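Single-letter residue listing:
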Amino acid sequence: MASKKPLIINGEVQEVPSDAKTIADVALPSDVTSVITRDGEIVPRSRFAQVPLPQGFDANLSQTNKGRGA
Amino acid sequence: MDAHTRNVSLRFGATLYERMRAFHLAPGKAHESLSYAWARAEETAAGLRILLPDSSPYFPFSADCFTRQSAGNVQLRADVLNGMLAEFAATDFNCIVNVHDHWFAQEAHFSAVDDEDDARFDRYLREQFEPMLATYPHIGPARDIVNVSIVFAQQSLAARLTNTMHASCTAASTTAIELVTVLDNHWRTAPIVPAERTIAAVANDEERSRHAEFIPASTVNAIERVTVGLVGCGGLGSILAESLVRTGFRKFVLVDDDEIEATNLNRWQGGRLQDVGTQKAYTLAARMRGFATDVQVTAIATALDDDVALHALTGVDVLCGGVDNDAARWLLNHVSLQYMIPWFDAGVAITTAPAVDFASRYFSVLPGITGCAMCKGVDLIDHHEVVDEYADATTQRARRAAGYVIDQPLMVGTPSAYLLNQLAASSCAMEVLNYFAAWRPTATLIQKSWRADRIARADRENYAEVPSQSCALCSTYTGVGSALALPRRNRSVLSLFTSSQSPHEKEMSHG
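A quick note: this is a predicted structure, and the numbers were derived from the prediction, not measured.

Before going further, it helps to examine the overall build of chain A. From N to C terminus, chain A includes 1 helix and 3 strands. Along chain A, from the amino end to the carboxyl end, the secondary structure elements read β-β-α-β. The 70 residues of chain A split such that 11% are buried.

Here is the structure:
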C-alpha cells in the first residue's frame, strides 16, 4: 500500500481520506484539466488532430485504450 | 528470430527518461496518462536495442487528447493518434513507443486491457500501416516498425515488444525488455519488472571474495552482466583486458587485426615466444578465458571498420579503447555517439626532448552527458591524422610504424612502454569500475606526467562539461544508430580518388 501523500489538482491540495480503500474512494473533481510537469510541455489535441492525412493513408479506426478499464 | 525468444534492451537519455517519469508520475497526479516517443531500433550482435536519446521526439498528451481519462483508464482520440502516425510515417524512425502509467501502483505490470490494446494496435501496424508504406512511398519510407510499450509505476517500470506477426498459436506475441539503461553520470539501469537477475552469494565465490568488501554486490552484478568492447589488443589493451577480468568483468568483445611480433614481447602482457605470429585478439582471448571460469570472450581479428567488428561493437554496453591512432578514436567516437555507448579511452606517449617523459591520458565520452571526443574543450583527436587515415592508407601505415613516440616519429622506434602501459591501463580500468560503483564522480579526462609528477583530473563534479551546442557530431549523431553510416575507410569518397588498391588489396593490407 502506498504511503499517503497530498494530491495537488489544479493547484489545490487535496486530501486522501484516511479510510480510502480503493482508487474510487479518492475524491476527484470532474473538471481536472491537466497536471503541470517540470518542463511544462504538454501536447494539445490541436497539435495532431489537424494534421492532414496524406492520400492513401490507412487510418487506425480503433481508440487507444490503456489501463485497468475502470 | 521469433519475437518471444530474442534479447531486447532499451537505452534512454537521462533527460528524456526523467521527463517521462515527471509527466507520468507527477506529484498530485490522479489519473492515467499516455505519451508517445519515436525511437530507433537496432539489430545488434547482442539483440535488438531500442535507442531513445534525449533528442527523440516525445509527445506527452494533454487532457483534451483523450476521450476518457480516469484514475485507472485512458483512451486516446483517434484523430490525435492518426495525426501522429501520419507524421511518424514521414520520418525514418522505425520504432514507436507508447508510454502510460499505473500511478496508483508501486510495481508496474501490464494489465489485460493493455494486452488487448497492444495486440490490436500491432495488428494495425502489421496489416495496414506497414503495407501502406510499401504501397505509397509518398507517405513515408517503407520499413518494419518496432512496437514498444512502457508502463510506469511508482517504484518500477515494465517494458515490452509486441509483434503479432511473430505470434504462434501457443506463444505470446510480446517480449519483455530485460534491460533498460539510462545514460547518466554513472551506470544506471531503470528498475524493471521482472527484476534484473542477481548473482547470489558473491562472498562465497572464491574468484571474487577479496572484492566483496569494497565492491558492492550491486556493482558486481552490474559488471558481470555488461559486455565490454575492447578495441586494441596490443601492449595497452592486453593489460587493460587482464585488469578488467580480474576486477570482475566477464563478457568481452575484442577487436584487433594485428599479429604478435617479436618486438611486441617487451610490452604485450603475458606474451611468450611461442605466441609470435598469432593474432593478438585470439591469443588474448585464450588467456582471458584462463583467468576465471565464466569469462565469455568474442575475439575478432579484423580492422575496426570491418562489418563484423562494427556489428559486434554496436551491441556492447561499454567501449574501452586501447588503440594507438586517432583514426580509430574517431570511429570509436562515432560508435559511442550513434549507439549511445559509454566510451573510456586510454593512451600513452613518450617524449624524448628536451628530456624523457612518460605521459598517459584517459578520457571518457558519455553520449548526451559529456562532450564527445571532438568537442571536449581540449584537443583529444588530431583531425589531420584522421583525414590522412581515411584518405591515404600509405600514410596510415607510416604513422602506425612510428609507434608511441610523438615528437621524433621518424627517428625513434617503438619503445618498450610496458611500465607506462600499466599506468595507463590501471587508470582506465579504475575509472571504468568507478563508473559502475559510483564511488566518486566519473572522470572525463585525466592526464599524467611522470617527469612533472603531475596528475590533472576532470570529473563530473569539478568540470561538468556538456555536449557543445555547436558540435555537429553530438547534435547530429547521438542515438541515430545505423540511420547514418559509420565512417569507413574503404568507402570514403577521398579514398576513391587517392588509392589505386583494389578492395581485396585493401583488406589484405589491414588484415
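Attention now goes to the overall build of chain B. When helices and strands are counted, chain B shows 14 helices and 19 strands. Considering chain B as a whole, with its 511 residues, one finds that 48% of them fall into the buried category. Pairs at least 24 residues apart make up 70% of the contacts formed inside chain B by residues separated by at least 6 positions.

Residues and elements named next belong to chain B. Counting residues in each nonpolar core, the largest one holds 144 residues, and the members touching the most others are Val97, Leu240, Leu254, Leu319 and Cys428. With 9 residues, helix H11 (residues 418-437) is the single largest residue contributor to this core. A domain-level breakdown of this core finds at least three residues from each of domain 1 (3-183) and domain 2 (207-510). Apart from residues no more than four positions distant in its own chain, Leu319 is found in contact with Gly229, Val231, Leu313, Leu332, Val335, Ser336, Ile341, Pro342 and Trp343.

All right, on to the sheet that holds strand S5 (residues 66-70) of chain B then. Across a sheet, paired strands are connected by hydrogen bonds in the backbone, their directions being either parallel or antiparallel. The sheet built from 3 strands is open, its strands ordered S3(A)-S6(B)-S5(B) with antiparallel pairing. For this open sheet the edge positions go to strand S3 (64-67) of chain A together with S5 of chain B, each flanked by a neighbour on one side alone. Across the sheet, the mean angle separating the axes of adjacent strands is 15° when strand polarity is ignored. Alignment of S5 of chain B against strand S6 (residues 73-76) of chain B, held across 4 bridges, turns out to be antiparallel. Bridged to Gln69 of chain B within S6 of chain B is Val74 of chain B.

With that settled, consider the pairing of strand S16 (residues 343-351) of chain B. All names here are of chain B. Counting buried positions along S16 gives 7 out of 9 residues, so the element sits mostly inside the fold. Bridge analysis of strand S15 (residues 318-321) against S16 gives 3 bridges, and the strand direction is parallel. Bridge pairing in S16 places Leu319 opposite Trp343. The pairing of S16 with strand S17 (residues 357-365) spans 9 bridges and is classified as antiparallel. Note that in S17 the partner of Ile350 across the bridge is Phe358. Between S16 and S17, which pair antiparallel and follow one another directly, the connecting turn spans 5 residues.

What follows covers the interface of chain B and chain A. Where the parts come together, the accessible area they lose is often given as the size of the interface. Listed per partner, the contact involves 54 residues of chain B and 38 residues of chain A. Sorting the residues of the side of chain B that touches chain A by element identifies helix H1 (14-24), strand S4 (58-60), S5, S6, helix H2 (78-89) and helix H3 (112-135) of chain B as the ones contributing at least two each. Considering every element that reaches the side of chain B that touches chain A, the biggest residue donor is H2 of chain B, with 10 residues. Here the residues of the side of chain B that touches chain A are counted per class, giving 28 nonpolar, 16 polar and 10 charged. In terms of strand pairing, S3 of chain A meets S6 of chain B through 4 bridges, oriented antiparallel. Residue Gly67 of chain A lies in a different strand from S6 of chain B, and its bridge partner there is Asn73 of chain B.

All names here are of chain B. Domain parsing of chain B yields domain 1 (3-183) and domain 2 (207-510). Listing elements by their share of the side of domain 1 that touches domain 2, those giving two or more residues are strand S1 (8-13), strand S2 (34-44) and strand S3 (47-52). Residue contributions to the side of domain 1 that touches domain 2 peak at 3 residues, all from S2. In terms of residue class, the side of domain 1 that touches domain 2 is made up of 6 nonpolar, 3 polar and 6 charged.

Here we take up H2 of chain B. Compared with the 16 Å implied by 1.5 Å per residue over 12 residues, the 16 Å span of H2 of chain B between its first and last C-alpha is a close match. Among the residues of H2 of chain B, those classed as buried are Val80, Leu81, Gly83, Met84, Leu85 and Ala89 of chain B.

Moving on, we come to the confidence of the model for chain B. All names here are of chain B. Taken as a whole, chain B shows an average pLDDT of 87; of its residues, 86% reach a score of 70 or greater. Of the regions scoring below 50 in pLDDT, residues 407-413 engages in 9 contacts with residues more than four places distant in sequence or in other chains. Below a pLDDT of 50 lies the segment residues 492-511, which in the model reaches 22 contacts outside its immediate sequence neighbourhood of four places, other chains included. Confidence estimates for the predicted assembly give a pTM of 0.85 and an ipTM of 0.76.

Okay, the packing of helix H5 (residues 235-247) of chain B against H11 of chain B next. All names here are of chain B. For the pair H5 and H11, interaxial distance at closest approach is 8 Å and the crossing angle is 40°. As judged from the angle between their axes, H5 and H11 are oblique. In this structure, H5 crosses over H11, and the sense of that crossing is right-handed. In contact with Gly235, Leu236, Ile239, Leu240, Ser243, Leu244 and Thr247 of H5, H11 contributes Tyr418, Asn421, Gln422, Ala424, Ala425, Ser426, Cys428, Ala429, Val432 and Leu433. Class assignment of the residues belonging to the contact of H5 with H11 gives a composition of 11 nonpolar, 6 polar and no charged.

Quick look at H11 of chain B now. Residue and element names in this part refer to chain B. When the terminal C-alpha atoms of H11 are compared, their 28 Å separation across 20 residues agrees well with the 28 Å that a helix rising 1.5 Å per residue should span. The complete set of buried residues in H11 reads Leu420, Asn421, Leu423, Ala424, Ala425, Ser427, Cys428, Ala429, Glu431, Val432, Tyr435 and Phe436. In this structure, the buried residues of H11 make contact with helix H4 (217-225), H5, S15, S16, S17 and strand S18 (443-449). Just past H11, the residue Ala438 takes up positive phi, approximately 60°.

A separate point is the sheet that holds strand S19 (residues 454-459) of chain B. Residues and elements named next belong to chain B. Ordered in space as S14-S13-S12-S15-S16-S17-S18-S19, the 8 strands form an open sheet in which the pairing is mixed. This sheet does not close on itself; its edge strands, each paired only once, are strand S14 (296-300) and S19. Averaged over all adjacent pairs, the angle separating strand axes in this sheet is 10°, with direction ignored. Bridge count between strand S12 (residues 227-231) and S15: 4 bridges; the pairing is parallel. What sits directly across from Val228, in S15, is Val318. Of the strands in this sheet, strand S13 (251-255) and S14 are in contact with helix H6 (residues 280-289), which crosses S14 at around 170°.

Cut-offs and rules
Residues numbered from 1 in each chain as written. Chains lettered and ligands numbered in written order. Predicted model: local features only at pLDDT ≥ 70, side-chain atom pairs only at ≥ 80, totals over all residues. Helix = DSSP H or I, 4+ residues; strand = E, 2+ residues; numbered from the N terminus. Buried ≥ 20, exposed ≤ 12 C-beta atoms within 10 Å, placed from the backbone. Contact = placed C-beta atoms within 7 Å. Core = buried A, V, L, I, M, F, W, Y, C linked by C-beta atoms within 7 Å. Domains from an automatic or database assignment. Pairing = 2+ DSSP bridges. Axes fitted to C-alpha atoms, helices over the stretch in contact; angles between N-to-C directions. Nonpolar A, V, L, I, M, F, W, Y, C, P; charged D, E, K, R; others polar. Expected span 1.5 Å × (residues − 1). pLDDT = per-residue confidence, 0-100. Parallel < 35°, antiparallel > 145°, perpendicular 65-115°, else oblique. Left-handed = near helix turned anticlockwise from the far one by under 90°.

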